[in-house]
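Structural overview
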Amino acid sequence: MSLKKILAVIPARSGSKSIKHKNLITIDGKTLINIAVTKAINSKLFSKVLVSTDSVIYAKEAIKYGAEVLELRPKKLSDDKTTLALVLKDILKKLNDKGEKFENIISIQPTSPFIKIDTLKKSVKTFFQRKATGVATISEVLDSHPLTAQKLDINGKLSYLIKPKNFKKLFPRQNRPVSYKYTGGIYLRKSENILNYSGDGWALGNKSYGVVVSKKEAVDINYEEDLYKIKYFKNK
């Protein structure tokens with residue numbers, strides 16, 4: 001039984017409460033599923049490209065553009081509380097049972113439609129060159145800095161979520177260290193991270209790296225207002 005390099009999984013759950021059938025949103029006539037599948041295949045980086053979905057309609061859309069669908073995602077893994085890592089774990093186990101083993105697994109979020117093929121390539125290159133356990137796309141935090149985040153007690157009193165050790169580093173804002181957040185667009189991991197996942201963290205392992213992307217590539221369509229970002233960024 002030979003090991004294969006990278007399994008690509010495009011997660012496309014149909015039950016979004018914020019935007020109905022958001023994975024079928026179109027940009028220049030192409031659905032988000034079509035865009036993600038086409039990029040994954042055209043990158044020529046992956047041994048197999050799978051779409052994980054609970055929808056027959058989504059499955060047909062994925063197959064139409066060249067992806068495989070293992071089977072429809074079970075209901076227990078199709079609600080909005082299910083972590084992506086648990087979905088990936090289920091896929092790897094089922095493939096293992098079929099005699100297909102993959103050393104590594106990448107998830108490509110269809111709701112991040114502006115991710116470039118070059119970014120896929122850079123993520124894979126970083127993963128292997130650094131001998132990483134995980135790689136994720138990240139973007140600079142440009143709005144509210146995490147060191148200024150507040151929490152409220154039951155009486156409405158404010159306090160720092162994480163109390164700064166040195167307040168001089170917070171003011172003026174130009175003193176604050178550059179910080180980053182996961183975009184959710186790409187997560188590349190060792191398969192063993194996923195198979196050992198028990199619900200804690202991002203399953204990126206103890207040697208993870210970030211690939212910094214632009215504001216455009218960091219777009220993640222989850223809410224109605226995010227649709228305006230498509231109009232804003234698609235021709236930029």
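This section reports on the structure supplied with the text. (Residues numbered from 1 in each chain as written. Predicted model: local features only at pLDDT ≥ 70, side-chain atom pairs only at ≥ 80, totals over all residues. Heavy atoms only, no water.)

What follows covers the layout of surface pockets. If you add up the space inside the largest pocket, you get close to 790 Å³. Of all elements in the fold, only helix H3 (84-97) and strand S9 (180-190) reach the threshold of two or more residues within the lining of the largest pocket. Looking at the lining of the largest pocket element by element, the count peaks at four residues for S9. Along the lines of polarity and charge, the residues of the lining of the largest pocket split into 10 nonpolar, 12 polar and eight charged. What the second largest pocket holds in volume is close to 360 Å³. Contributions of two or more residues to the lining of the second largest pocket are made by strand S6 (134-140), S9 and helix H6 (227-233). Of the residues that constitute the lining of the second largest pocket, the class distribution is seven nonpolar, three polar and seven charged. (1 Å grid on protein atoms, 1.4 Å probe; cavity = no way out; pocket = protein on both sides within 12 Å on 5 of 7 lines; lining within 4 Å. Points joined across faces, edges and corners; volume = space filled by probe spheres on them. Helix = DSSP H or I, 4+ residues; strand = E, 2+ residues; numbered from the N terminus. Nonpolar A, V, L, I, M, F, W, Y, C, P; charged D, E, K, R; others polar.)

This brings us to the pattern of salt bridges. What the rule picks out here adds up to six salt bridges. Between Lys94 and Asp90 there is a salt bridge; the shortest N-O distance is 3.1 Å. Of the two residues, Lys94 and Asp90 both sit in helix H3, four residues apart, roughly one turn of that helix. (Salt bridge = Lys/Arg side-chain N within 4 Å of Asp/Glu carboxyl O.)

With that settled, consider a nonpolar patch on the surface. Side chains of Val178, Tyr180 and Val212 sit close together on the surface and give an oily, nonpolar patch of about 290 Å² of accessible area. Along the chain, Tyr180 falls in strand S9. Of the residues examined, Tyr180 reaches a relative accessible area of 45% and is grouped as partly exposed. (Patch = residues over 30% accessible without salt bridge, like charges linked within 9 Å, V, L, I, M, F, W, Y side chains within 5 Å. Areas by Shrake-Rupley, 256 points an atom, 1.4 Å probe, with all protein chains shown as cover. Buried < 20%, exposed > 50% of the residue type's maximum accessible area, 1.4 Å probe, protein only.)

Let's shift gears to the side chain of Ser179. Position of Ser179 among the secondary structure elements: in the loop between strand S8 (158-160) and S9. Using a relative accessible area of 12% as the deciding quantity, one classes Ser179 as buried. Those residues within four positions of Ser179 in sequence are excluded, and the remaining contacts are Ser139, Glu140, Val141, His145 and Pro146. (Contact = heavy atoms within 4.5 Å.)

With 14 residues, H3 ought to run about 20 Å at 1.5 Å a step, and its terminal C-alpha atoms sit 20 Å apart, in line with that. Positioned one or two residues after H3, Gly99 has a phi angle of 90 degrees, which is positive. (Expected span 1.5 Å × (residues − 1).)

A rise of 1.5 Å per residue sets the reference length of helix H1 (residues 32-43), with its 12 residues, at 16 Å; its end C-alpha atoms lie 17 Å apart and thus fit the reference within 8%. Along H1, the residues that are buried comprise Leu32, Ile33, Asn34, Ile35, Ala36, Val37, Ala40 and Ser43. Just past H1, the residue Lys44 takes up positive phi, approximately 60 degrees.

As a further point, take empty space enclosed by the protein. Per the stated rule, a full pass over the model turns up two cavities of 30 Å³ or more. The computed volume of the largest cavity comes to approximately 110 Å³. Those elements that provide at least two residues to the lining of the largest cavity are strand S4 (48-52) and H3. It is H3 that provides the largest number of residues to the lining of the largest cavity, a total of four residues. Size it by volume and the second largest cavity reaches roughly 60 Å³. Along its surface, the second largest cavity is lined by Leu32, Ile35, Ala36, Lys39, Ile108, Gln109, Pro110, Ser112, Pro113 and Ile115.

Going from Phe171 to Pro172, the amide bond is cis rather than trans, its omega being -5 degrees. For Pro172, the position within the fold is in the loop between S8 and S9. The backbone of Asp28 sits at a positive phi, close to 55 degrees, despite the residue not being glycine. Assignment of secondary structure puts Asp28 in the loop between strand S2 (26-27) and strand S3 (30-31). By relative accessible area, which is 58% here, Asp28 ends up exposed. Unusually for a residue other than glycine, Ala203 sits at a positive phi of about 55 degrees. Here Ala203 shows up in the loop between helix H5 (191-195) and strand S10 (208-212).

In this section: the environment of Thr148. On the secondary structure map, Thr148 appears in the loop between S6 and strand S7 (150-152). It is 8.7 Å that separates the C-alpha atoms of Thr148 and Lys163, two residues lying 15 residues apart in sequence. For Thr148, the residues in contact, after removing those within four places along its chain, are Tyr160 and Arg176. Here His145 takes part through its backbone oxygen, which lies 2.8 Å from a polar atom of the side chain of Thr148. (Polar contact = N/O pair within 3.5 Å; in protein donor to acceptor, adjacent residues only side chain to side chain.)

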